[in-house]
Amino acid sequence: MTRRLECTLSTPMAVIGKDILHAAELLRANHLVAIPTETVYGLAANALDSKAVLKIYEAKGRPQFNPLIVHVKSAHEMKKYADVPPLVERLAAKFSPGPLTYVVRKKKIIPDIVTAGGESVALRVPAHPMARQLLEELDFPLAAPSANPSGTISPVSAAHVADGLGDKLEYILDGGVSTLGLESTVVAIEDDTILILRLGATTPEMLAPFAGVKIQTHTATGTGSPGRLKSHYAPKTRLVAGDIRTLLEVHRAERVAVLILWDLPRAPNIVAAEVLSAKRDLTEAAHNLFSAMRRLDSVGADIILAERMPEEGFGFAINDRLERASAT
Ligand code: AMP
Ligand code: MG
């Protein structure tokens, strides 16, 4: 094992593989490992070790005021790291493992760097089988934001991770394409209300049976949940979102790439197009979103025109990502 470790570390580009034990070994030695989850790939380090966590911020170029999600092996384990209110327990019984992250009051064991100095920590139990097996191997939880340079499109495959951060980490654990393809929903409990700090793969409709649901609208300064910075998930090509026919009219003199749900419009200036779901299924659209954005970003168009999704199910979260991809 030791020899293998040295061999990996001498390589400038990350190794992509499926070796969970090797990933565990590297994490125990305080290295960074990209891990597959059902939402997007995470850039993981030992959440209980400040030095390891610092490497995450450095590799991503992430501002240190933006705290990290800590991935734990079970809902029960959350109690080791935070005070878990009854409403969170009820939510966890239904949604964990899965794409729901709880912001709860941290215990001392969680270093300040993980929470950007705050008193609350964000906890999630991932559902991807390889992430779960990896956590079973470890006696510490994993701090893991999305495995992309800060501000860019989130990765949903090992190749996407290698593209953005390949020279900044040791190993990419390859668990295939993320099934959901959209980040987790981040919630906090405010009195008896579920406050959605970030829209994601657990929809407001799914949460509504448990308590009142309030969606925190983000502010221009991105305060509140720090990850709600306006500009995020952004392709290099300028992107605008709205009604696709109106956008095509406005941008008729430019070479445009279009991102639409299903109904492909015709126009001579369209140089590339991505249909997110031919059957108009918003779950499928979410799964395809980030890969489609990457492909459109590479065609050299003047601008990407993105259709706003219907406001239901995953539509809210997709629109949130489109809005933030369009912020400058
Ligand atoms: P990322 O892992 O990069 O997809 O982003 C993690 C998200 O969780 C961001 O929106 C963070 O602001 C949010 N988050 C993480 N920790 C906390 C926390 N302690 N309080 C509020 N939001 C948090
Ligand atoms: Mg991110």
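Residues numbered from 1 in each chain as written. Chains lettered and ligands numbered in written order. Predicted model: local features only at pLDDT ≥ 70, side-chain atom pairs only at ≥ 80, totals over all residues. Heavy atoms only, no water.

**Remarks on the overall build of the protein chain**
Now for step 1: Check the secondary structure of the protein chain and you find 11 helices and 16 strands.
Now for step 2: Computed over the C-alpha atoms, the radius of gyration of the protein chain is 20 Å, within 12% of the 20 Å expected from 2.2 N^0.38 for a compact globule of 328 residues.
Now for step 3: Looking at the protein chain as a whole, 56% of its 328 residues are labelled buried.
Now for step 4: Looking at the protein chain alone, contacts between residues at least 24 apart form 64% of all its contacts between residues at least 6 apart. (Helix = DSSP H or I, 4+ residues; strand = E, 2+ residues; numbered from the N terminus. Rg over C-alpha atoms; globule rule 2.2 N^0.38 Å. Buried < 20%, exposed > 50% of the residue type's maximum accessible area, 1.4 Å probe, protein only. Contact = heavy atoms within 4.5 Å.)

**A short note on the confidence of the model for the protein chain**
Now for step 1: Averaged over all residues, the pLDDT of the protein chain equals 93, while 92% of them reach at least 70.
Now for step 2: The low-confidence segment residues 1-11 (pLDDT under 50) makes 13 contacts with residues lying over four places distant or belonging to another chain.
Now for step 3: Contacts from residues 219-223, a stretch scored under 50 in pLDDT, to residues over four places away or in other chains number six contacts. (pLDDT = per-residue confidence, 0-100.)

**Focus: helix α11 (residues 315-326)**
Each full turn of the α-helix corresponds to 3.6 residues, which orients residues three or four apart in the same direction.
Now for step 1: In this model, α11 (12 residues) spans 16 Å end to end at C-alpha, consistent with the 16 Å of a helix rising 1.5 Å per residue.
Now for step 2: Listing the buried residues of α11 in full gives Gly315, Ala317, Ile318, Asn319, Asp320, Arg321, Leu322, Arg324 and Ala325.
Now for step 3: The inward-facing, buried residues of α11 abut β11 (193-198), β13 (238-242), β14 (256-260), α10 (282-297) and β16 (303-307). (Expected span 1.5 Å × (residues − 1).)

**Here's the deal with the nonpolar core**
Now for step 1: Among the nonpolar cores identified, the biggest contains 77 residues, and Tyr102, Leu123, Leu259, Leu289, Phe290 and Ile318 are the most heavily contacted of them.
Now for step 2: With eight residues, the single largest contributor to this core is α10.
Now for step 3: Formed by 17 residues, the second largest nonpolar core is a distinct cluster that contains Ile20, Ala23, Met130 and Leu134. (Core = buried A, V, L, I, M, F, W, Y, C linked by side-chain atoms within 4.5 Å.)

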